[in-house]
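Read off the chains here:
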2 protein chains.
Amino acid sequence: MNAEIIGIGSELLLGQIANTNAKFISTRLADLGINVFYHTAVGDNSERLKQVIEVAESRSDLLIFTGGLGPTKDDLTKETIASTLNKKLVYNEEAMENIQDYYKKTGAPMSENNRKQALVLDGATVLRNDNGMAPGMAVTANNHTYMLFPGPPKELYPMFTNYAEPYLLGQLKQGDTIVSRVLRFFGIGESRLETELEDLIDQQTNPTIAPLAGEWEVTLRLTAKADTKQEADKLIDETEKLIDARVGSYLYGYGETTLAKEVFSLLSDRDWSISTAESLTGGMFSQEITDLPGASSLFYGGVVCYSNEVKREIGVSNETLEAYGAVSEQCAIELARSVRERYKTDVGISFTGVAGPDPSEGKEPGTVFIGVAAPSGEKVVALNLAGNRHAIRKRTVNHGLNTLLKLER
Amino acid sequence: MNAEIIGIGSELLLGQIANTNAKFISTRLADLGINVFYHTAVGDNSERLKQVIEVAESRSDLLIFTGGLGPTKDDLTKETIASTLNKKLVYNEEAMENIQDYYKKTGAPMSENNRKQALVLDGATVLRNDNGMAPGMAVTANNHTYMLFPGPPKELYPMFTNYAEPYLLGQLKQGDTIVSRVLRFFGIGESRLETELEDLIDQQTNPTIAPLAGEWEVTLRLTAKADTKQEADKLIDETEKLIDARVGSYLYGYGETTLAKEVFSLLSDRDWSISTAESLTGGMFSQEITDLPGASSLFYGGVVCYSNEVKREIGVSNETLEAYGAVSEQCAIELARSVRERYKTDVGISFTGVAGPDPSEGKEPGTVFIGVAAPSGEKVVALNLAGNRHAIRKRTVNHGLNTLLKLER
């Protein structure tokens, strides 16, 4: 069963909102093993919507519509599909009661056009709306399934999960189970990863191996089909072993994780506290760590040591600043050591470098030093990063996180 | 000129990312007066992409493609369009140099498949990529314009603004000049802004007034058509006066600015330096200021005072922490005062509060105090913010910036 998700609403085409409904439904359909081959967005225009339906019928089995079920004149999804399928719209008792309940609860006066929301396609299975008035619906005709959902995510998401998925499971043939696993890498580029794994990617069909370049990292998605979840997992395990043997040293996590979350777990596991001294990154590293709930259990504090006076105040020596400058290995290590001592933490980490656009101390943008003072000793990572100011800072933070992940006990 | 935006990548159809590129490009095209009638997303599959191009050619003049320009085998946008248009792919010198520069800088070995990224459609206008390797391109054929962009937003957005928009302006017919002005507001919600301006929004046709809800602020876009830029500007000026009279006190800037950029200008104009003490925001405020080039001229440093020990170390009294707690007006003002003194700056700003998800010191998430110590005196802003952990932190930073914008000399 191949699906197409059709978003209806001029706000999509004007760029006022992103089509996050299509993203949500796609992940749910992937879990059900239903292929999504197309997303389409079209405005509140009956003619163009009709044409979109025709195209979708020619290439997809399951047509999922989101939006345009509201009470206003702009909302014409039901009407257009009814006319395409040559079906009537009929009043649905349960939907009408749901709408009346809503008005009773809020005490607002019910307007006549709200009655329009209780109209459903003749013969449709009604999908209850627990968080709003417009019901969803599903109907099959001419070998296609048409499903209609309201646009607001807070109505659509629970409706989809609670009522649409059981409906779809009933429609699906038993047999295929699809399992995906996402592997996250840091420190290796997309093209190098693919070169290393070229033969595997070309040969594998079950699981398939799909490289994805994220904004700051590279991921691989392994997807297997089998009769049971266990069998699919086993197929993925076998392929992951082959991948690990080649590029396992760059693998840092699975699924929805991030470098910051992995560092958080590692520090928690070891019961290590951390403090920061940020020059180049200006607070970005601390910000990422403190974005995680519970950060106060291990992050005590830090210094944003932008000026040399502030660097001196923490503990960098005049000699170091004069002989090597602020952008130096020596400064990085003194910062990490000093902040660790001042805040009495297990780990101190520091960032110094040139974000650009102009050189500083005669050093080019992208020149970066990360200092770490930890129970296992001190180290400095020297980097030469590409990109604009923001990219250099962001990459530096990621390299810092990755350095912590590699720390020995 | 009617446009269709075609996103290419299986990650869209699997729901791993939302199609935010389509959203971004739609807003830019709306500014140029180009109608967007359709968005489409399709996977990394040449056959299906070909079919999507055929459909798009039948209904749109301008076809905008995003994604699939990378170095891997999955990336087949250029190849498919070349075959559809019966055009060759040719090496582009400038793009090749750009790629070589990138590798020279990072010192990473260049893999053979990166050369593929320097291939462009024969006869295309190349759109420079300042933040990555894959160049964009634009070509006209058979009464259609085809524009290709890399998928990563950090490459696409600046490429679109800096190179694609001038190209499109050149393609648009002369005569009608379309001028847009974006007004940025902070501290007023979208629905309240719309209510205040309802009659203006309904009556105005030239310029049109379009409210746009950003993630953290509200903007209005005024778009006027006229024979000359001067005339269009005059129409916009007149309408802006009417808007200012009603909601001018919330207006903080125009166009591509941000609260942080406006604060930067204000501090520079007054020759004021600043230091920070961040508990709740964990470095986010400092990070936003230091993201701006030249920040070191006015931002000296700050403390991320996450634990109470670190707050004491800066200068918050034991009495304050015991009597009022860390989340208090008193703590906020002591932090701002202490950091200003320690780093000898003109302004000190502090952030303390509860980000959640759990309450702290018996105070609910969203309880926030911002302290400011400035030449004109000291003040505290107490807030009660809604949203999840990240939203509370981000809104706090924005309120801090807005508080600085309102500072008297």
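Residues numbered from 1 in each chain as written. Chains lettered and ligands numbered in written order. Predicted model: local features only at pLDDT ≥ 70, side-chain atom pairs only at ≥ 80, totals over all residues.

Colleague: So what about the overall build of chain A? Which residues, and what values?
Modeller: Assigned secondary structure in chain A consists of 15 helices and 17 strands. At 28 Å, chain A has a C-alpha radius of gyration far larger than the 22 Å of a compact globule built from 409 residues. For chain A, the C-alpha atoms occupy an extent of roughly 85 × 55 × 40 Å along the three principal directions. Burial statistics for chain A: of 409 residues in total, 46% are counted as buried. (Helix = DSSP H or I, 4+ residues; strand = E, 2+ residues; numbered from the N terminus. Rg over C-alpha atoms; globule rule 2.2 N^0.38 Å. Buried ≥ 20, exposed ≤ 12 C-beta atoms within 10 Å, placed from the backbone.)

Colleague: Lay out the interface of chain A and chain B with the relevant residues and their values.
Modeller: Tallying the contact residues gives 68 residues for chain A and 68 residues for chain B. Classifying every residue of the side of chain A that touches chain B by side-chain character gives 31 nonpolar, 27 polar and 10 charged. Examined bridge by bridge, strand β2 (residues 35–42) of chain A and strand β2 (residues 35–42) of chain B share five bridges and lie antiparallel to one another. The residue of β2(B) that forms the bridge with A:Tyr38 is B:Val42. (Contact = placed C-beta atoms within 7 Å. Nonpolar A, V, L, I, M, F, W, Y, C, P; charged D, E, K, R; others polar. Pairing = 2+ DSSP bridges.)

Colleague: Go over unusual backbone geometry with me, naming the residues and quoting the values.
Modeller: Here the amide bond leading from A:Asn206 into A:Pro207 is cis, since omega sits at 5°, within 30 degrees of zero. Examined against the element boundaries, A:Pro207 turns out to sit in the loop between α8 (198–203) and β10 (208–213). One non-glycine residue with positive phi stands out, namely A:Asn143, at about 65°. Within the secondary structure, A:Asn143 sits in the loop between β7 (136–141) and β8 (144–149). Taking the C-beta count within 10 Å as the criterion, A:Asn143 has 7 such neighbours and is therefore assigned exposed. For B:Asp271, which is not glycine, the phi dihedral falls at a positive 60°. Residue placement: B:Asp271 occurs in the loop between α10 (259–270) and β13 (274–278).

Colleague: Lay out helix α9 (residues 229–247) of chain A in plain terms, naming residues and giving numbers.
Modeller: Structurally, the α-helix is built with 3.6 residues per turn, so residues lying three or four positions apart point the same way. Look at α9(A): 26 Å from first C-alpha to last across 19 residues, which is about the 27 Å you get at 1.5 Å a residue. Buried residues along α9(A) sit against β9 (177–185), α8 and β11 (218–226) of chain A. (Expected span 1.5 Å × (residues − 1).)

Colleague: Explain the confidence of the model for chain A to me, using residue names and the numbers behind them.
Modeller: Confidence along chain A averages 91 in pLDDT terms, with 97% of residues attaining 70 or more. Two summary scores accompany this predicted model of the complex, namely pTM at 0.72 and ipTM at 0.71. (pLDDT = per-residue confidence, 0-100.)

Colleague: Could you give me a rundown of the sheet that holds strand β14 (residues 299–305) of chain B, with the residues and numbers involved?
Modeller: Taken in spatial order, the 10 strands of this open sheet run β17(A)-β16(A)-β15(A)-β13(A)-β14(A)-β14(B)-β13(B)-β15(B)-β16(B)-β17(B), and their pairing is mixed. Two strands in the sheet have a free side with no partner beyond their single neighbour: β17 (377–384) of chain A together with β17 (377–384) of chain B. Adjacent strand axes in the sheet meet at a mean angle of 10°, parallel and antiparallel pairs treated alike. Note that strand β14 (residues 299–305) of chain A and β14(B) share five bridges and pair antiparallel. Bridge pairing in β14(B) places A:Val303 opposite B:Val303. (Axes fitted to C-alpha atoms, helices over the stretch in contact; angles between N-to-C directions.)

Colleague: How would you explain α10(B) if you had to name every residue and give the values?
Modeller: All names here are of chain B. Along its 12 residues, α10 runs 17 Å from first to last C-alpha, staying within 8% of the 16 Å computed at 1.5 Å per residue. Residues of α10 that are buried: Leu259, Ala260, Val263, Phe264 and Leu267. Along α10, the residues classed as buried sweep out an arc of 140° about the axis, all on the same side. Away from its buried face by more than 90 degrees, α10 exposes Ser268 and Asp269. Against the buried residues of α10 lie β12 (251–254), β13, α11 (284–290) and α15 (389–405). Backbone geometry just downstream of α10 places aspartate 271 in the positive-phi region, at approximately 60°. (Arc of directions from axis to C-beta.)

Colleague: Please provide a residue-by-residue account of the sheet that holds strand β8 (residues 144–149) of chain B, values included.
Modeller: Pairing in this open sheet of 12 strands is mixed, and the strands run β6(A)-β7(A)-β8(A)-β3(A)-β1(A)-β2(A)-β2(B)-β1(B)-β3(B)-β8(B)-β7(B)-β6(B) from one edge to the other. Strand pairing shows two members of the sheet lacking a second neighbour, β6 (125–127) of chain A together with β6 (125–127) of chain B, which therefore form its edges. Across this sheet, the average inter-strand angle for adjacent strands is 15°, counted without regard to direction. When strand β7 (residues 136–141) of chain B meets β8(B), the two strands line up antiparallel, connected through five bridges.

Colleague: Help me get a handle on the pairing of β14(A), residues and values and all.
Modeller: Residue and element names in this part refer to chain A. The element β14 is largely enclosed, with a buried count of seven among its seven residues. Sheet analysis places strand β13 (residues 274–278) next to β14, joined by five bridges and oriented parallel. By the bridge assignment, isoleucine 274 is partnered in β14 with phenylalanine 299.

Colleague: Give me the lowdown on the environment of A:Ala373, citing residues and values where you can.
Modeller: Residue and element names in this part refer to chain A. Inspection of the secondary structure assignment puts alanine 373 in strand β16 (residues 367–374). Alanine 373 sits in the buried class, given 25 other C-beta atoms within 10 Å. Spatially, the C-alpha atom of alanine 373 lies 9.6 Å from that of glutamate 341, the residues being 32 residues apart in sequence.

Colleague: Which residues make up the packing of helix α3 (residues 46–59) of chain B against helix α4 (residues 77–85) of chain B, and what values do they have?
Modeller: Residues and elements named next belong to chain B. Running from N to C, α3 and α4 cross one another at 55°; their axes reach a closest spacing of 10 Å. Taken together, α3 and α4 sit at an angle that is classed as oblique. In terms of crossing hand, the pair formed by α3 and α4 is right-handed. Across from Ser46, Leu49, Lys50 and Ile53 in α3, the residues of α4 making contact are Thr80, Ile81 and Thr84. In terms of residue class, the contact of α3 with α4 is made up of three nonpolar, three polar and one charged. (Parallel < 35°, antiparallel > 145°, perpendicular 65-115°, else oblique. Left-handed = near helix turned anticlockwise from the far one by under 90°.)

Colleague: Please set out the domain arrangement of chain A residue by residue, giving values where relevant.
Modeller: We note that the domain assignment places domain 1 (2–171), domain 2 (177–254) and domain 3 (259–405) within chain A. Using only C-alpha atoms to locate each centre, domain 1 of chain A and domain 3 of chain A end up separated by 50 Å. (Domains from an automatic or database assignment.)

Colleague: How would you summarise the nonpolar core if you had to cite specific residues and measurements?
Modeller: In terms of nonpolar packing, the biggest core is built from 120 residues, with A:Leu335, A:Ala336, B:Leu335 and B:Ala336 touching the most fellow members. Apart from the residues within four sequence positions on either side, B:Ala336 is in contact with B:Ala277, B:Gly348, B:Ile349, B:Ser350, B:Gly371, B:Val372, B:Ala373 and B:Glu378. In terms of nonpolar packing, the next biggest core, distinct from the first, is built from 100 residues, A:Ala124, A:Leu127, A:Ala138 and A:Tyr146 among them. (Core = buried A, V, L, I, M, F, W, Y, C linked by C-beta atoms within 7 Å.)

Colleague: Report on the environment of A:Leu405, specifying residues and quantitative values.
Modeller: Residues and elements named next belong to chain A. Following the sequence through the fold, leucine 405 ends up in helix α15 (residues 389–405). A tally of 15 C-beta atoms within 10 Å means that leucine 405 is categorised as partly exposed. For leucine 405 and leucine 259, which are 146 residues apart along the polypeptide, the C-alpha to C-alpha distance reads 8.3 Å. For leucine 405, the contacting residues outside a window of four places in its chain are Tyr252, Glu262, Val263 and Leu266.

Colleague: Quick one: what's the story with the environment of A:Ser10, residue by residue and with numbers?
Modeller: Residue and element names in this part refer to chain A. For serine 10, the position within the fold is in helix α1 (residues 10–13). By the C-beta count within 10 Å, which is 16 here, serine 10 ends up partly exposed. Residues serine 10 and tyrosine 38, spaced 28 residues apart in sequence, show a C-alpha to C-alpha distance of 19 Å. Once you skip the residues sitting within four places of it in the chain, serine 10 turns out to touch Gly43 and Asp44.

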